[in-house]
Every structure is written in structure tokens, then in C-alpha cells.
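# Overview (structure and organization)
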Amino acid sequence: MELRLGNREVAENRFSKALGIKPSLAAAQAGKVLVAMASGQEETAFERLRLLEKDHPEHVLVRHYLPSLQLKLAEGKLQAARSSKHQERYSEAAELYREALHIAPEAGGLYAEAAEVELLGGEAETAADHAARAIELEPDNGTAHRLYGDALRQTGDLEKADEAYREARALRPDDPALTRLINETEREFRRENLPPEYSEIDDSERVSREELAALLYVRLRAFMENDEAAQSRVIATDIADSWAHEFIR
């Protein structure tokens, strides 16, 4: 009755007292939703609708208002996020995307957009998490796979970045940028993880047996690591002093 009379603050207090006695009372939960809506507090109303949905999923307010309010709030956050991105305010845009994701947590495309902005703002680890979630929701999203690769590359996980780029290229085989990214990542990985002698192979006038062993292993590593025979212990003599002894084995 207080709410009908326009006494929103009094009504809010009475609904809160009712919930203090019975936390899942539908009438009190619905009343708090209506107070927020009457006060123009759409985000508060949305959060209260979610609580009502949790306890009473078939409530009339949930069916009538939750989907449309979710869409309205998510679109508002998304427009603001894209505007901030356009103005190169990446931290602000990333926060707005995260708010949009809180409202619409099952929108795979939103996770990909958030990851892109987070990468631009230097938040590579968060971007990797969001890109991974985008892939989980939309496995055929080639952009999400590429963004995942970009994020992993920035965090230094070059092997997984290479895998992500290859997944993206499988989905978009005609994209030359993905081939370039794969090649760059492989070169970067070799520079950081392989002996310096390996990087000198390209300049060798003749390929030695050591160099050939290294080339074969690195180029075929993806296949050899899944081959039990290739992982079995090998006894070899006179190679202990070679820079390529692991590749030779």
C-alpha cells in the first residue's frame, strides 16, 4: 500500500523487513523490484529481478521484465564501451565491457570484444580469459581464436599462442594475416627457446647432421610429441658434447 501511495522509501524499508524474516518471500522480492523500477533505478531493478528469478523463476515480473531490461542495459553498456574504444579510452571501455558481460554473461561475441579492448589496454591475462570464454561459447568464432593467440603471445605462452592461431586459420584459411602471425610466433619461439646455434642454420652454406637433426625435430615436434615410440629412451654415444644432443636423441 505504501508503494501504491508513492511512499517508495517507506515501502522499501517494509519489504526489506519482510525479507529479513523470510528471505525468499516472493511478494517482498517483487516489491523491491517494483520500488527500484518506480524510482528509475534500472540496474538495481535488474539485479533484484535476478534474485527473484533465482528463487521464483516463473514469477510474472521475471517473465515480463527481465529479458527486455537485460537487453536494454546490455545495449547501453555496449554502446558506451564502443564509444570509449573509438576515443581510445581503453581502460574505461574494458570496464564497460565487463559491466555488459555481468548483465549478459552468455554472449560470446561480447567476450571477444572485451578481449580486444583489454589487449589494447595492456590487460593481456584478462583478455586471454575472456577470449577463452568466447571460444567456449562460440567454438567457430575465428576472431576469438586469433584474440586468444594475441593474448597468449603477449603473456609469453608462445606454444599455446601458435595453437590458437592455427585454430583460427583452420576456420579462416584465406586470411593471410593468420599465416603471418603463425610464422612470427614460430620465429619468436625459436629465438627464445632454442639454442643460438639453431638460429644460425639459415646462414649455413651446408647443413650438418646436427643441424639436420634439429630441423627435423623442431619442424616435426607436434607429431613426435604424440608418438610413444619417439619418446622412448634412446641410447646414443659420442653426442653428449653436441649442442643438438636432445634433438639427435
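Residues numbered from 1 in each chain as written. Predicted model: local features only at pLDDT ≥ 70, side-chain atom pairs only at ≥ 80, totals over all residues. Heavy atoms only, no water.

### A closer look at the overall build of the chain
When you go through the chain residue by residue, the secondary structure sums to 14 helices and zero strands. In the chain, the succession of helices and strands from N to C terminus is α-α-α-α-α-α-α-α-α-α-α-α-α-α. Its C-alpha radius of gyration of 28 Å places the chain more than 25% over the 18 Å reference for a compact globule of 249 residues. In terms of overall dimensions, the chain has C-alpha extents of about 95 × 40 × 30 Å along its principal axes. Summarising the internal contacts of the chain: among those between residues at least 6 apart in sequence, 46% fall at separations of at least 24. On the chain, roughly 15500 Å² of surface is accessible, and the fraction owed to carbon and sulfur atoms is 49%. Across the chain, the 33 positively charged side chains and the 49 negatively charged ones have centroids separated by 7 Å. (Helix = DSSP H or I, 4+ residues; strand = E, 2+ residues; numbered from the N terminus. Rg over C-alpha atoms; globule rule 2.2 N^0.38 Å. Contact = heavy atoms within 4.5 Å. Areas by Shrake-Rupley, 256 points an atom, 1.4 Å probe, with all protein chains shown as cover. Lys, Arg positive; Asp, Glu negative; His and termini not counted. Charge placed at Lys NZ, Arg CZ, Asp CG, Glu CD.)

### Description of the packing of aromatic side chains
Counted by the stated rule, this structure contains two aromatic pairs. With a centroid separation of 5.7 Å and 40° between ring planes, the pair formed by Tyr217 and Phe247 is classed as tilted. Taken together, the positions of Tyr217 in helix α12 (residues 209-224) and Phe247 in helix α14 (residues 245-248) put the pair 30 residues apart, joining distant regions of the chain. Of the residues examined, Phe247 reaches a relative accessible area of 15% and is grouped as buried. Ring geometry for Trp243 versus Phe247: centroids 6.2 Å apart, planes at 70°, classification edge-to-face. (Phe/Tyr/Trp six-rings, centres within 6.5 Å; stacked < 30°, edge-to-face > 60°. Buried < 20%, exposed > 50% of the residue type's maximum accessible area, 1.4 Å probe, protein only.)

### Points about helix α1 (residues 8-21)
Helix length check: α1 (14 residues) gives 20 Å between terminal C-alpha atoms against 20 Å at 1.5 Å per residue, within 8%. Among the residues of α1, Ala11, Glu12 and Leu19 are the ones counted as buried. All buried residues of α1 lie within an arc of 100° about the axis, which places them on one face of the element. Turned more than 90 degrees from where α1 packs its buried face, Glu9, Arg14, Lys17, Gly20 and Ile21 sit exposed. The inward-facing, buried residues of α1 abut α2 (26-38) and α3 (42-55). (Expected span 1.5 Å × (residues − 1). Arc of directions from axis to C-beta.)

### Quick look at helix α9 (residues 158-171)
Over its 14 residues, α9 extends 20 Å from the first C-alpha to the last, a length consistent with the 20 Å expected when each residue adds 1.5 Å. Buried within α9 are the following residues: Leu158, Ala161, Asp162, Ala164, Tyr165 and Ala168. Across the axial projection of α9, the buried residues extend over an arc of 160°, all falling on one side. Residues of α9 that are exposed and point over 90 degrees away from its buried face: Glu163 and Ala170.

### A short note on the packing of helix α7 (residues 124-137) against helix α8 (residues 142-155)
Between α7 and α8, the shortest axis-to-axis distance is 8 Å and the interhelical angle comes to 155°. Classified by the angle their axes make, α7 and α8 are roughly antiparallel. Note that α7 runs across α8; the crossing there is left-handed. Each of Ala124, Glu125, Ala127, Ala128, Ala131, Ala132, Ala134 and Ile135 in α7 lies in contact with α8, whose residues at this interface are Ala144, His145, Leu147, Tyr148, Ala151, Gln154 and Thr155. (Axes fitted to C-alpha atoms, helices over the stretch in contact; angles between N-to-C directions. Parallel < 35°, antiparallel > 145°, perpendicular 65-115°, else oblique. Left-handed = near helix turned anticlockwise from the far one by under 90°.)

### Remarks on the packing of α3 against helix α4 (residues 60-86)
α4 packs onto α3 with a crossing angle of 135° between their chain directions and a minimal axis gap of 10 Å. In terms of orientation, α3 and α4 fall into the oblique class. Of the two possible hands of crossing, α3 and α4 adopt the one that is left-handed. Only Leu61, Val62, Tyr65, Leu66, Leu69, Gln70, Lys72, Leu73 and Lys77 of α4 make contact with α3, whose side of the interface consists of Glu42, Glu43, Ala45, Phe46, Leu49, Arg50, Leu52 and Glu53.

### Quick word on the nonpolar core
Residues Leu49, Tyr97 and Leu110 are the most contacted members of the largest nonpolar core, which totals 39 residues. Taken together, the elements giving at least two residues each to this core come down to α2, α3, α4, α5 (90-103), α6 (108-120), α7 and α8. No other element matches the eight residues that α4 contributes to this core. Excluding anything up to four places from it in sequence, Leu49 contacts Val33, Leu61, Val62, Tyr65, Leu66 and Leu69. (Core = buried A, V, L, I, M, F, W, Y, C linked by side-chain atoms within 4.5 Å.)

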